[in-house]
Amino acid sequence: MREANVLSSLLVFLVILAACAWLSASQAPAGRDVVLFEGARLIDGNGRAPIESSAFLVENNTFTRVGRKGELRVPAGAMKVDLTGKTVMPALVDPHNHIGYTNQKTGVSGKENFTRATLIDHLQRYAYYGVTATMSMGLDRWDVNPEMPYELSREIIPNAALFLTVGRGIAATPMAGPTAVYRLGVPYGAMTEAEGIKDVEELVARKVPIIKIWVDDRNGTVPKIQPNVYRAIIAEAHKRGTRVVAHIFNLVDGKDLLRAGVDGFAHGVRDRDVDDEYIALIKQHPKVWVEPNLPDQALTVDEIDWLSETLPASQIKRMRDQLASRTPAELKTQQDAFGIQCRNLKRIHDAGVKIAFATDAGVDVGWTVHTELADMVRCGLTPAEAIVAATRTAAEITKLDRLGTVATGKSADFVVLDANPLDAITNTRRIGRVYLRGKEVDRAALRASLSAP
């Protein structure tokens, strides 16, 4: 009997010991794995009013609790970061780029630059400016490094944005997509329905997140993919459970693509102001999104100075020289192109169309996310709406479900700002810190390496 009592007591002791160990582990995780950020104004990416004096907990690179300062239950041993006076917003997502071709330190573009090292350099530039992920839209040089982009899309690189790729886009011919010489020959060519269907089969086998098509004759200089062909592409993509996004220029093509069931537009209409018929059509397809990709405007001297954080002095001088040499005719051409697209963005936005965010980045990388945000606000979106487009909506269309908002269960990807972008959207440029996947990006090290000659 005595031995039984001893054994029973020992078992009880072991159970209590195990429970205490579990409780200790659950309440006091390793210091740097559990971090409480508190005091900041929080813009969560959902378009709601910000939380003043917020608090959010990051555990194992994930937001686990979000609320107000003083109201969260905080595990013992959590590290605390005081963000009083700062503003926090989700890290941005750019669903449209053509990176990998331009050496940012020399300004020279070429297909020989399409290397892993160049792409990582560009992804680091994105991270520096608060971008957590970006998607290459159909121009990966399959003839230079066919597997490298797909391999890179499966990697997580410290101090760099995530890389996604749609592989090769589809145009009428391989020479009918982009215009720059170093980009020619990349797309699939589809002059027939059978060719388009075969291209879709190959891309789906690659498990690309979306299929890109070019519907543009470049002012009559290249053949345009025909309606029967892009209808076959869209139908085949939908049958196989994927989506199609279209590069367009003309209003007439935009209308027909809507009738054909396209899922999104990689550009807005650019040849003329949209009409009532287009508005009626696009309202009939509420899931269709539009990435405005507003055209470049002349940078200001102050903006060029800001870029010295990540560009060598030689490139800053080149940009200043270009600004000084712009002719009135060049400026008017830019303003006219911007005016059409700006008016069209305002009209479709007012009609309730889903507005996404994208930069079409290629020659200039990283910082352009902030000029695009400012341009979207200039064209009629509120700062809050532009931020939603660049965070939650951009994450939705790329199917990056754990990105885009500051919410429980999402990846801890956020930007700490020194000023409130809801007061002025250009305050998104006043970056104090960037966190990707719960880890602070070493912006000081990036600034030194990216701006070095």
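It should be noted that the structure appears before, not after, this text.
My aim in this report is to walk through the structure given alongside it, one point at a time. (Residues numbered from 1 in each chain as written. Predicted model: local features only at pLDDT ≥ 70, side-chain atom pairs only at ≥ 80, totals over all residues. Heavy atoms only, no water.)

What to know about helix α4 (residues 193-205)
For clarity, the threshold we go by: Each helix is a run of DSSP H or I of at least 4 residues and each strand a run of E of at least 2, with the numbering of both proceeding from the N terminus. The span you would expect from a helix comes to 1.5 Å times its residue count less one. Type-normalised accessible area, obtained with a 1.4 Å probe on protein chains alone, sets the label of each residue: buried when under 20%, exposed when over 50%, and partly exposed for intermediate values. The arc under discussion is defined with respect to the helix axis, by the directions toward the C-beta atoms. We call two residues in contact when some of their heavy atoms are within 4.5 Å.
Compared with the 18 Å implied by 1.5 Å per residue over 13 residues, the 19 Å span of α4 between its first and last C-alpha is a close match. Burial in α4 covers these residues: G196, D199, V200 and L203. Taken down its axis, α4 places every buried residue within 100 degrees of arc, on the same side. Residues of α4 that are exposed and point over 90 degrees away from its buried face: A194 and A205. Each element contacted by the buried residues of α4 is listed here: β10 (170-171), β11 (188-189), β12 (211-215) and α5 (227-239). Where α4 terminates, the next one or two residues include K207, which has phi positive at roughly 60 degrees.

So, the environment of R206
Our working definition: Any pair of nitrogen or oxygen atoms within 3.5 Å is treated as a polar contact; in protein, a donor-acceptor pairing is required on top of that, and neighbouring residues in sequence qualify only through side-chain atoms on both sides.
Inspection of the secondary structure assignment puts R206 in the loop between α4 and β12. Considered as a pair, R206 and Y150 are 56 residues apart in the sequence and their alpha carbons are 8.4 Å apart. Residue contacts for R206: discarding those within four places in its chain leaves E147 and Y150. At 2.7 Å, the side chain of R206 forms a polar contact with the side chain of E147.

So, the pattern of salt bridges
Two side chains bearing opposite charge may form a pair once their charged atoms approach each other closely. This is how it is decided: The term salt bridge refers to a side-chain nitrogen of Lys or Arg lying within 4 Å of a carboxyl oxygen of Asp or Glu.
For the coordinates displayed, the defined rule picks out 27 salt bridges. With a closest N to O distance of 2.7 Å, E155 and R116 form a salt bridge. Taken as a pair, E155 in the loop between α3 (148-152) and β9 (162-165) and R116 in helix α2 (residues 116-128) lie far apart in primary sequence, 39 residues in all. On the basis of relative accessibility, which here comes to 28%, the residue E155 falls in the partly exposed class. R272 is the salt-bridge partner of D271, the closest N and O atoms lying 3.1 Å from each other. Taking the relative accessible area as the measure of exposure, R272 reaches 48% and is therefore partly exposed. One network of salt bridges, with partners in common, ties together E201, E236, K239 and R240.

Concerning the sheet that holds β9
Note the following rule: Whether two strands pair comes down to DSSP finding at least two bridges between them. To get an axis, a line is fitted to the C-alpha atoms, and for a helix only the part in contact is used. The angle between two axes follows their N-to-C directions and goes from 0 to 180 degrees.
The strand order across the open sheet formed by three strands is β7-β8-β9, and the pairing between neighbours is parallel. Edge positions in the sheet fall to β7 (92-97) and β9, since each has one partner strand and no second. Adjacent strand axes in the sheet meet at a mean angle of 20 degrees, parallel and antiparallel pairs treated alike. The sheet contact formed by β7 and strand β8 (residues 131-136) spans four bridges and is parallel. Within β8, the residue paired with V93 across the bridge is A133.

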